[in-house]
Amino acid sequence: MKILIAGAGIGGLTAALSLHAAGFTDVRVVESAQELRPLGVGLNLLPNAVRELAELGLLNALSSQAVATRELILCNSYGQLVWRESRGVAAGNAWPQLSIHRGHLQAVLADAVRNRLGDHAIATDSRVSAITPLPGNRVRAHLDHPSTANTSTLEIDLLIGADGINSAVRKALYPYEGPPLWNGLTLWRGVACSEPYLTGASMIVAGDDVERLVLYPIQERIDGGEHTALVNWVIARRCGEEPQHGDWHRRTSLDTVVEHARRWQFDWLDIPAIISGSPAVFEYPMIDRDPLPRWTFQRVTLLGDAAHPMYPAGSNGATQAIIDARALAYLLATCDDTDQALDAYDRQRRKVMAQIQLSNRAMGPERAITLAHQRAPCGFSDINDVIPANELEQISADYAQIAGFDPDACARQSPYNANWRTYARQ
């Protein structure tokens, strides 16, 4: 089977590795960028995704460049504690929650693809621009090569669209969908060096239903005996004018962000000081798309942000792209035929992801700080007088169950690695 993956992001590269592990040897990834560079900022991988990457033999390589998150802390805009919960191994999971720079994660995945599938497996400067169905359950993928303005075609047995929120593959399947949906919030994002704070592996989400701050370390550093951390930060704010759709690399002024960050004055952490050390600040709209009625059309299917773009709440974007990739490869290897596998993938993953997309519109587990602001906009003396402990526990447990990273689910072995080579079809 000849398989083409559009997009060399987290989902696309994981799909290539998973298909190779399942015994599929003719797999190619095309990427519109002229080269893969360590761009972006930080992200979180929940234990259910880390388990899948561990099954691919990547845990040591990732752990050496990541921070194993120990706790999530939710605060109001005054820095008052709303909710604290353990994460990863500290929460009883068999696998950690990893906070890592997106560029480092992509580099680990890309190196593994080239080592296992060959240097030819990733073709840059190549973008799927159109799709033509062919007789005999085949597909013709039309490719643009931006740097040369040339075009080419490939005839394949399966096309996997993993090309992000502005997916060309999705647009070919849903040509009248229109642009992503904006909720009025703009994200400022960056990374900066900082002294370790709290446990040294604490993720902080603070704010209200108007503005929000996220802060977590993504890499430990020791320089001349001095222990520091590379910290990822995000500020979500109301904005009258929408930034460009989906351009993660759009820069904005650090001075403007630092001035705005002065409102985040906590007794226990100097947030403006951390942000002021950022070498670059990126601006991005908080956007998503509505859940789709179908991901799969004949021999074309979607994966990751191309299938289910969602708000960055609950640390689920990269996590669910990884699980998509593993599930798709497993089903292609174990079902009776390709059409049955694609149908099973569509039914199983699409239903789960629709739930998570809609939950993220309510900000997932971060809904607790919205409730705290609505019920006590001027702060509180005791959070239990504002939100009962059992209500906070339920918010957390419900999201963990929906997203599949509760300890009971993660205590089990991966459902996507059952002796694949016995079943794999070429």
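As the structure is a prediction and not an experimental result, all values here were calculated from the model.

Cut-offs and rules
- Residues numbered from 1 in each chain as written.
- Predicted model: local features only at pLDDT ≥ 70, side-chain atom pairs only at ≥ 80, totals over all residues.
- Heavy atoms only, no water.
- Helix = DSSP H or I, 4+ residues; strand = E, 2+ residues; numbered from the N terminus.
- Rg over C-alpha atoms; globule rule 2.2 N^0.38 Å.
- Buried < 20%, exposed > 50% of the residue type's maximum accessible area, 1.4 Å probe, protein only.
- Contact = heavy atoms within 4.5 Å.
- Areas by Shrake-Rupley, 256 points an atom, 1.4 Å probe, with all protein chains shown as cover.
- Lys, Arg positive; Asp, Glu negative; His and termini not counted.
- Charge placed at Lys NZ, Arg CZ, Asp CG, Glu CD.
- Pairing = 2+ DSSP bridges.
- Axes fitted to C-alpha atoms, helices over the stretch in contact; angles between N-to-C directions.
- Core = buried A, V, L, I, M, F, W, Y, C linked by side-chain atoms within 4.5 Å.
- Phe/Tyr/Trp six-rings, centres within 6.5 Å; stacked < 30°, edge-to-face > 60°.
- Lys NZ or Arg CZ within 6 Å of the ring centre and 35° of its normal.
- Disulfide = S-S within 2.5 Å.
- Parallel < 35°, antiparallel > 145°, perpendicular 65-115°, else oblique.
- Left-handed = near helix turned anticlockwise from the far one by under 90°.
- Nonpolar A, V, L, I, M, F, W, Y, C, P; charged D, E, K, R; others polar.
- Salt bridge = Lys/Arg side-chain N within 4 Å of Asp/Glu carboxyl O.

Participant: What's the story with the overall build of the protein chain in this structure? I'm lost.
Facilitator: Scanning the protein chain from terminus to terminus reveals 13 helices and 21 strands. Here the protein chain has a C-alpha radius of gyration of 21 Å; the compact-globule value for 426 residues is 22 Å, and the two agree. Along the longest, intermediate and shortest principal axes, the C-alpha atoms of the protein chain span 70 × 50 × 45 Å. Taking all 426 residues of the protein chain together, 56% fall into the buried category. Here the contacts in the protein chain between residues at least 6 apart in sequence split such that 75% fall between residues at least 24 apart. Total accessible area on the protein chain is roughly 17700 Å²; 47% of this is exposed by carbon and sulfur atoms. Charged side chains in the protein chain number 38 positive and 47 negative. The centres of these two groups are separated by 5 Å.

Participant: What is the right way to look at the sheet that holds strand 1 (residues 2–6) in this model?
Facilitator: Pairing between sheet strands relies on hydrogen bonds along the backbone, with the strands arranged either parallel or antiparallel. The sheet built from five strands is open, its strands ordered 8-2-1-12-21 with parallel pairing. Single-partner strands in this sheet number two, and they are strand 8 (122–123) and strand 21 (300–302). Inspection of the sheet shows strand 1 paired to strand 12 (residues 158–161) by four bridges, in the parallel sense. Bridging across to strand 12, I3 finds its partner in L158. Strands strand 1, strand 2 (26–30), strand 8 and strand 12 of the sheet are contacted by helix 1 (residues 10–21), whose axis makes an angle of about 160° with strand 1.

Participant: Just to check I follow, could you spell out the nonpolar core for this structure?
Facilitator: The nonpolar side chains of a soluble globular protein tend to be buried, and buried together. One finds I5, L19, L45, L53, L58 and L105 to be the most contacted residues of the largest nonpolar core, which totals 84 residues. With 11 residues, the top contributor of residues to this core is helix 8 (residues 317–334). In this view, L105 contacts I10, L43, L45, L53, L62 and I100; residues no more than four positions away in its chain are not counted. Counting residues in each nonpolar core, the second largest holds 59 residues, with W188, A236, L269 and A313 among its members.

Participant: Quick question: what am I supposed to make of the packing of aromatic side chains here?
Facilitator: Each aromatic ring pair is summarised here by two numbers: the centre-to-centre distance and the angle between the ring planes. Applying the stated criterion across every chain, the model contains six aromatic pairs. Between Y399 and F405 the ring centres are 6.4 Å apart and the planes differ by 65°, which places this aromatic pair in the edge-to-face class. Looking at F405, the relative accessible area reads 6%, which means it is buried. Taken together, the ring pairs in this structure connect W264, F266 and W268 into an aromatic cluster. Above the face of the W95 ring, R51 is positioned so that its terminal group lies 5.9 Å from the ring centre. Above the plane of the ring of F297 lies R294, whose end atom (NZ or CZ) is 4.0 Å from the centre.

Participant: Looking at this structure, how should I read the state of the cysteines?
Facilitator: The final tally for this structure, using the stated rule, is zero disulfides. Distance from the sulfur of C75, which forms no disulfide, to the nearest cysteine sulfur (C378) is 17 Å.

Participant: What is the right way to read the packing of helix 1 against helix 8 from this model?
Facilitator: Packed helix pairs are specified by the crossing angle of their axes together with the interaxial distance, meaning the distance between the axes. Relative to each other, helix 1 and helix 8 sit at 30°, their axes nearing to 8 Å. In terms of their interaxial angle, helix 1 and helix 8 are classed as roughly parallel. Our pair here, helix 1 against helix 8, has a crossing hand that is right-handed. Residue-level inspection shows I10, G11, T14, A15, S18 and L19 of helix 1 in contact with helix 8, the latter providing A318, A321, I322, A325, R326, A329 and L332. Broken down by class, the residue content of the contact of helix 1 with helix 8 amounts to nine nonpolar, three polar and one charged.

Participant: What's the story with the sheet that holds strand 10 (residues 138–145) in this structure? I'm lost.
Facilitator: Pairing is antiparallel in the open sheet, where three strands are placed in the order 9-10-11. Looking at strand neighbours, the two that pair on one side only are strand 9 (127–134) and strand 11 (150–156), the edges of this open sheet. If you compare each strand with its neighbour and ignore which way they point, the axes differ by 20° on average. Two elements, strand 10 and strand 11, share seven bridges in a ladder whose sense is antiparallel. Within the sheet, the bridge partner assigned to V139 lies in strand 11 and is I156.

Participant: Would you mind showing me how to read the environment of P377 here?
Facilitator: When you line up the elements, P377 lands in the loop between helix 10 (367–375) and helix 11 (389–403). Counting along the chain gives 169 residues from P377 to D208, while the straight-line C-alpha distance between them is 8.5 Å. Residues in contact with P377, not counting those within four places in the same chain, are Y78 and A372.

Participant: Looking at this structure, how should I read the pattern of salt bridges?
Facilitator: Between side chains of opposite charge, pairing is possible as soon as their charged atoms come close. Under the definition given, this model contains 19 salt bridges. Among the ionic pairs, R289 bridges to E177, the shortest N-O distance being 3.5 Å. In this pair, R289 sits in the loop between strand 20 (281–288) and strand 21 while E177 sits in the loop between helix 5 (168–173) and strand 13 (181–194), placing the two residues 112 residues apart along the sequence. Residue classification places E177 among the partly exposed residues on the basis of a relative accessible area of 31%. Residues D288 and R361 are paired through a salt bridge, measuring 2.7 Å at the closest nitrogen-oxygen approach. Taken together, the positions of D288 in strand 20 and R361 in helix 9 (residues 338–361) put the pair 73 residues apart, joining distant regions of the chain. Here D288 falls in the buried class, since its relative accessible area comes to 1%.

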